[in-house]
Amino acid sequence: MRDTLTPQARVQTGVPRTTRRRPPGGPIALLMLAPFLIAYLLFFVFPIGRAVQLSLTQSSLTATGPFVGLANYVQLVGDSDFWASVLHTGTFALYTVIPVTLLGLLMALAVNRLVRARNFAQALFFLPFVLPVSVVTLLWQWILNSSFGLVHALTGTEVAWFGEPGTAMPTVAFVTVWWTVGFNMLLFLAGLQNVSKEVYEAAELDGAVGWKSFRFITWPLLWPVTTLVLTLQLISSLKIFSQVYILTGGGPFNSTRVVLEYMYDTAFQNLDAGYASAIAVAFFLIILLVSLVQAALLRGRS
Amino acid sequence: MTRLTRLLTLGALMSGAALAQQPTKITFWNFLGGGDGARMKTLIDGYNDSQKKYQVQQTVLAWGVPFYTKVRTSTSVGQAPDLISFHLSRISGWAPENLLRPITTQELASAGLKQADFFPKLWQAANYQGKTYAVPLDTHPMILYYNKDIAGKAGLLDASGKLKPINSVADFTAAMKAVKDKTGAYGLAIENGPNSYMGWRMWVSMVAQQGGQIVKDNKVVAGEAGKKALTDMVNWFKAGYIQKNPDYPTSVAQFTTGKAAFMINGVWEVPTMVDGTKTKKLPFAYGVAPLPKFYGNQQNVWGDSHGFAIPNNAKNPIPADHVAGALDFIAYVQKNGVTWGQGGHIPAYLPVANSAQYNALKPNADYAKASASNVTYDPPGWYSGAAGPLEAIAAKYLPAAFAGQLSVDKALSMFENEANKLMAGRPKP
């Protein structure tokens, strides 16, 4: 609106000439942003505020109870079940973040070399990612069933993959990697296709082929994609819930109970919404912190 | 007749017809899947066809925590349905929270129902502090299924082809040993993977058979009886009579494909056997018996009951005509309880439970009377009952003991710790 007042208005108010170059702002931008802003406030900021508020009360699932200050957080600090669940979440991230990134890269490199079958291979590797979590988990429950499953039929093993404390978490991680690796492959493929052919040709003239070409050309040029993949993957691994909920329910005896599973059990099974909110808020802060640290570390590398 | 009057007459006729055809809609949420779901649908369709005043519309939701969470939250915001299915084992948790609308004797009477028509034990389970919060529909205890071919080879049948009596842990152990030695099959198929409930139900039965108690004053008190029951079960796994870790569908498949001589499961698997025999998919003759006496003379068996309840929708109270419709439907289901009984459940409604038609049902007659009179519910309390947190905690540790991942003492102490923590820390809004 201010622009319509110029030039007289500018002269009259003595606004420096440089402000003329500012994009038309204020009310119009606000008007256009409004729908998103409202949705953001309503469905993101408000629930977070409510969660923080609830975490300071002693509440059941459906009724807000009395204010208890930081009691829930004090309890949380001394709650070994909570710290165990943080540890399990970390273990899951450890089992998935690097493998899914590395495998995605390897698959992208392999697919990129194909000429005729490239689209086919790409589709094949990407396919699992399209499936909803319920289908993925059901599929692997059948494949790994210790009495009637495919693996049992082929090898005769009676290992209950989701039922032993030693194998449950690695198996959940394996299923997750199988399910999500295709997406990372696509990101890497896009990155690979952005590297111009001339760079490789120039490097080849200087004698950089095979490993050397990868080490000095591909890898550095893919680094921005790699940091993106690592960051996305770390956040999504920390938010692990549905696979654990369906495949192990946090068992056997809590050995795969991740933070969000603990939060779910507390809120929806034990009906303790106040404490569950405290878990949620604390975990929100943990994820925020870890993401910031990771971003700082990765930025240093580039 | 002018055009106008003709139009008006037509309009009046149509709206009159529309009014006459507009039945009151009774919304009904339930968690009844599989065969139970099919039978409930038959009953609903039958009811809707039998009269014009009401129309019951059902929504089937996932069993367990998701169902109860949804009912709880929708009740608190005033969006609950008129009628829900409900486990009577949860009355003691839900009634004090005012989540269910009490049903008065007069309301019941106007639908033609009265207390004397129900098994006293079930009526008691549907009541809390003198008020009726649900109408019982059935009892569904665990029973013992057996494969007559395997049992015959192992010498466990009498001359008439029925299972010889099993009256102690030793008897049952010997029977499973005979099966293993003579046929190589598993003795027993029972769900026992992580987070499975059948171990808890078995434990509840076996503790009760010793005259023991599991919870008292919000504390676990199972003690020696609990330890003895769990040790006896774990020994069966150690001896290899039961496969470790199968989940629910696997355990049923083990039995129905003839890989195990016995199965301990709820009566709700009866239709699987009946239908399997009818379609010749079951490769053997089967029999059923009440859960054996493992200790002394008591024949307690874990069981639960389905019932109907009306959510206490405080922000949007249910209108009187919907209450009348819901109760009218409940009365219809009770009177046609034989259909429900075909699902293996024992009807709560005495006129049906005692009727010749129900008692002619096979194999229900082989277990119904004994099981119904010995049924033991989960311990009462807000934390207890079907899909309640106490059961969920037990489902973490008992299966771990069966699988040999935890010793009996360790599993029980971990169960006690988590259960006591839960029961002590009740949120009080």
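Residues numbered from 1 in each chain as written. Chains lettered and ligands numbered in written order. Predicted model: local features only at pLDDT ≥ 70, side-chain atom pairs only at ≥ 80, totals over all residues. Heavy atoms only, no water.

Chain B goes by ABC transporter substrate-binding protein in an unreviewed UniProt entry, where it is assigned to Deinococcus aetherius.

Chain A carries the name Sugar ABC transporter permease in an unreviewed UniProt entry, which gives Deinococcus aetherius as its organism. Per its UniProt entry, chain A bears the Sequence similarities (unreviewed entry) comment "Belongs to the binding-protein-dependent transport system permease family." (UniProt positions renumbered as here; feature names shortened; annotations may be inferred.)

The subject of this paragraph is the domain arrangement of chain A. Residues and elements named next belong to chain A. Parsing chain A into structural domains produces domain 1 (48–78 + 272–302) and domain 2 (89–268). Look at where the C-alpha atoms of domain 1 and domain 2 centre, and you get two points 28 Å apart. On the domain 2 side, the residues contacting the 14 residues of domain 1 number 17 residues. Taken together, the two surfaces of domain 1 and domain 2 that pack against each other cover about 1500 Å², and 79% of this comes from carbon and sulfur. Per-residue buried area on domain 1 facing domain 2 is highest for Phe283, Gln294 and Leu298; these three make up 34% of the total on that side. Put simply, domain 1 and domain 2 have zero salt bridges between them. Our count for the domain 1 to domain 2 interface comes out at two residue pairs in polar contact (both at pLDDT 80 or more). (Domains from an automatic or database assignment. Contact = heavy atoms within 4.5 Å. Buried area = accessible area lost by both parts, 1.4 Å probe. Salt bridge = Lys/Arg side-chain N within 4 Å of Asp/Glu carboxyl O. Polar contact = N/O pair within 3.5 Å; in protein donor to acceptor, adjacent residues only side chain to side chain.)

All names here are of chain A. Sequence positions flagged by UniProt for "transmembrane region" (unreviewed entry) are, in local numbering, residues 28–49, 92–111, 123–143, 171–192, 213–235 and 273–298. End C-alpha atoms of residues 28–49 are separated by 28 Å, and the span's content is 100% helix alongside 0% strand. Across residues 273–298, the secondary structure splits into 100% helix and 0% strand, with the terminal C-alpha atoms separated by 37 Å. (Helix = DSSP H or I, 4+ residues; strand = E, 2+ residues; numbered from the N terminus.)

All names here are of chain A. By the element assignment, Gln75 lies in helix H4 (residues 71–77). By relative accessible area, Gln75 is classed as partly exposed at 44%. Distance in space between the C-alpha atoms of Gln75 and Tyr275 is 8.7 Å, their sequence separation being 200 residues. (Buried < 20%, exposed > 50% of the residue type's maximum accessible area, 1.4 Å probe, protein only.)

All names here are of chain B. Counting through the fold element by element, Glu191 comes out in the loop between strand S8 (186–189) and helix H9 (198–209). Buried within the structure, Glu191 lacks any salt-bridge partner; its nearest side chain of opposite charge belongs to Arg201, at an N-O separation of 5.1 Å. Of the polar contacts made by the side chain of Glu191, one reaches the backbone nitrogen of Tyr197; its length is 3.4 Å. Engagement of the side chain of Glu191 in a polar contact is seen with the backbone nitrogen of Met198, the distance being 3.1 Å. For Glu191, the residues in contact, after removing those within four places along its chain, are Ser196, Tyr197, Met198, Gly199, Pro246, Asp247, Tyr248 and Ser251. (Lys, Arg positive; Asp, Glu negative; His and termini not counted.)

For the rest of this paragraph, the subject is the packing of aromatic side chains. Within this structure, the stated rule accounts for 38 aromatic pairs over all chains. Ring plane angle 90° and centroid distance 5.6 Å describe the contact between Tyr68 of chain B and Phe86 of chain B, whose orientation is recorded as edge-to-face. With Tyr68 of chain B in helix H3 (residues 65–76) and Phe86 of chain B in strand S3 (residues 83–87), this residue pair connects regions lying 18 residues apart in the sequence. One aromatic cluster in this structure is built from Phe28, Tyr47, Phe308, Phe329 and Tyr332 of chain B. Over the aromatic face of Phe216 of chain A sits the side chain of Arg215 of chain A, whose NZ or CZ is 5.1 Å from the ring centroid. The residue whose ring lies beneath Arg72 of chain B is Trp94 of chain B, and the NZ or CZ to ring-centre distance is 4.9 Å. (Phe/Tyr/Trp six-rings, centres within 6.5 Å; stacked < 30°, edge-to-face > 60°. Lys NZ or Arg CZ within 6 Å of the ring centre and 35° of its normal.)

Let's shift gears to the pattern of salt bridges. Counted according to the given criterion, the structure contains 15 salt bridges over all chains. Residue Arg257 of chain A pairs with Asp81 of chain A through a salt bridge whose shortest N-O separation is 3.8 Å. Note that Arg257 of chain A is positioned in the loop between helix H12 (242–247) and helix H13 (259–269) and Asp81 of chain A in helix H5 (residues 80–113), a separation of 176 residues in sequence. A salt bridge links Lys114 of chain B to Asp117 of chain B; its shortest N-O distance comes to 3.4 Å. Through salt bridges with shared partners, a single network forms among Asp79, Asp81 and Arg257 of chain A together with Lys396, Glu418 and Lys421 of chain B.

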